[in-house]
Amino acid sequence: MGRLDGKVALISGAARGQGEAEARRFVAEGARVVLGDVLEAECHAVGESLGGAARAIRLDVTREEDWARAVETATLAFGRLDVLVNNAGIVRTGALESTSLEDYRAVIDVNQVGTFLGMRAVVPAMREAGGGSIINISSNAGIEGVQGVIGYVASKWAIRGMTKTAALELGRYGIRVNSVHPGGVATPMIGSDDFDSIDQDAVWSSQPIPRVGRPEEIASLVLFLASDESSYSTGSEFVADGGGLAGSTARGVDTD
Ligand SMILES: NC(=O)c1ccc[n+]([C@@H]2O[C@H](COP(=O)([O-])OP(=O)(O)OC[C@H]3O[C@@H](n4cnc5c(N)ncnc54)[C@H](O)[C@@H]3O)[C@@H](O)[C@H]2O)c1
């Protein structure tokens with residue numbers, strides 16, 4: 001028996017990285033999944049590899065009409081919609097002083113506005129299904145400040161707040177809404193040129209779990225929130241960051 005048997009999920013940003021890992025894990029656990037991304041070819045390749053349990057579509061999370069089509073795809077192909085993973089995200093790096101308004105707005109548009117549009121779009125179908133689970137992918141950057149990514153931090157803090165408001169409004173319909181806060185995860189996002197100057201080994205070595213995370217480790221947490229196993233959790237923050245947010249060993253007493 002799968003942990004998501006009978007459930008239908010919509011995952012944004014599912015062409016690669018964490019979204020792809022979530023789609024693969026969900027199907028392995030019995031779900032049927034609609035995968036959406038702006039990387040159409042990659043998204044379709046992942047969808048095809050998952051067979052009849054998956055549908056891949058073009059979804060630009062900043063576009064209302066794309067969300068409407070994504071929800072329609074889920075209900076037409078699979079008859080219902082139970083789970084939304086608002087996973088799509090982008091990052092632009094730069095100091096506060098040198099960040100352009102264009103870059104700042106681009107990040108807010110995808111990460112923050114996209115999450116709002118996604119939540120709003122799925123509510124009618126989830127009400128029709130008698131409930132649901134919305135999982136918004138924030139970040140450790142939604143709980144603390146991170147230098148060099150001001151727009152990203154703003155968008156991820158916003159996701160954390162929107163999650164709680166949506167949970168308050170949607171509880172009456174049996175719809176749960178939670179946020180997930182990954183630390184560093186080995187995906188194309190942190191493999192990009194933007195992060196070339198960062199010594200990744202040094203970043204993770206100071207954490208209690210001294211390594212970068214794997215997309216599958218975040219997918220396990222998202223699976224829990226998508227399933228009925230998390231039936232008493234809503235409006236909450238779920239962290240998977242190797243203990244990075246636990247504190248800094250640099251500020252403590254040497255216990256060796
Ligand atoms: N990788 C990390 O270290 C890390 C840490 C914390 C949080 N996150 C968050 O996890 C989520 C997944 O990121 P990832 O690490 O898999 O990165 P990724 O870059 O591999 O995947 C992000 C996906 O989102 C898609 N996307 C971008 N803009 C889109 C749009 N407008 N509409 C639809 N899809 C769009 C991309 O095409 C890509 O497939 C993001 O929200 C990210 O902010 C990542």
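Undergrad: Even after reading the chapter, I still don't get the overall build of the chain, so can you show me in this structure?
TA: A count of helices and strands for the chain gives seven helices and seven strands. Helices and strands in the chain line up, N terminus first, as β-α-β-α-β-α-β-α-β-α-β-α-α-β. In terms of overall dimensions, the chain is globule-like: its C-alpha atoms have a radius of gyration of 18 Å, near the 18 Å expected for 256 residues. The dimensions of the chain, computed from C-alpha atoms along their principal axes, are 55 × 40 × 35 Å. Taken across its 256 residues, the chain has 45% of its residues classed as buried. Partitioning the contacts of the chain with sequence separation of at least 6, the portion at a separation of at least 24 is 70%.

Undergrad: Would you explain the site of the ligand in this entry?
TA: Neighbouring the ligand are 28 residues, the closest being Gly13, Gly17, Gly89, Thr187 and Met189. With three residues, the top contributor of residues to the shell around the ligand is helix H1 (residues 17–28). Grouping the amino acids of the shell around the ligand by side-chain chemistry returns 14 nonpolar, 11 polar and three charged.

Undergrad: I'm lost on the sheet that holds strand S4 (residues 83–86) in this one. Help?
TA: In a beta sheet, neighbouring strands pair by backbone hydrogen bonds and run either parallel or antiparallel. Strand order in the open sheet made by the seven strands is S3-S2-S1-S4-S5-S6-S7, with parallel pairing throughout. Lying at the two open borders of the sheet, with one neighbouring strand each, are strand S3 (54–58) and strand S7 (237–240). Taken over all neighbouring pairs, the strand axes of this sheet differ in orientation by 20° on average, direction set aside. Bridge analysis of strand S6 (residues 175–182) against S7 gives four bridges, and the strand direction is parallel. By the bridge assignment, Val180 is partnered in S7 with Phe238. Lying over the sheet, helix H2 (residues 40–49) contacts strand S2 (32–37) and S3, oriented at roughly 175° with respect to S3.

Undergrad: For this particular structure, what's the right way to read the environment of Pro210?
TA: Within the fold, Pro210 resides in the loop between helix H6 (200–205) and helix H7 (215–226). Assessed through the 12 C-beta atoms surrounding it within 10 Å, Pro210 is described here as exposed. Sequence separation between Pro210 and Gly243 is 33 residues; the distance between their C-alpha atoms is 8.9 Å. Residues in contact with Pro210, not counting those within four places in the same chain, are Trp204 and Ser205.

Undergrad: It is not clear to me how the packing of helix H3 (residues 64–78) against helix H4 (residues 101–129) should be interpreted in this structure. Could you clarify?
TA: Each pair of packed helices gets described by two things: the angle between the helix axes and the distance between those axes. Put simply, H3 and H4 touch, their axes get as near as 9 Å, and they point 35° apart. You can see that H3 and H4 cross each other, and the crossing is right-handed. Together, Glu64, Trp67, Ala68, Val71, Ala74 and Thr75 of H3 and Leu117, Gly118, Ala121, Val122 and Ala125 of H4 make up the contact between the two elements. Grouping the amino acids of the contact of H3 with H4 by side-chain chemistry returns eight nonpolar, two polar and one charged.

Undergrad: Which parts of the structure should I look at to understand the environment of Pro208?
TA: Checked against the element boundaries, Pro208 lands in the loop between H6 and H7. Residue class for Pro208 comes out exposed when judged on the 11 C-beta atoms lying within 10 Å of it. C-alpha separation for the pair Pro208 and Gly242, spaced 34 residues apart in sequence, amounts to 6.3 Å. Filtering out sequence-adjacent residues up to four positions away, Pro208 remains in contact with Gly242, Gly243 and Ala246.

Calculation criteria
Residues numbered from 1 in each chain as written. Predicted model: local features only at pLDDT ≥ 70, side-chain atom pairs only at ≥ 80, totals over all residues. Helix = DSSP H or I, 4+ residues; strand = E, 2+ residues; numbered from the N terminus. Rg over C-alpha atoms; globule rule 2.2 N^0.38 Å. Buried ≥ 20, exposed ≤ 12 C-beta atoms within 10 Å, placed from the backbone. Contact = placed C-beta atoms within 7 Å. Near = placed C-beta within 6 Å. Nonpolar A, V, L, I, M, F, W, Y, C, P; charged D, E, K, R; others polar. Pairing = 2+ DSSP bridges. Axes fitted to C-alpha atoms, helices over the stretch in contact; angles between N-to-C directions. Left-handed = near helix turned anticlockwise from the far one by under 90°.

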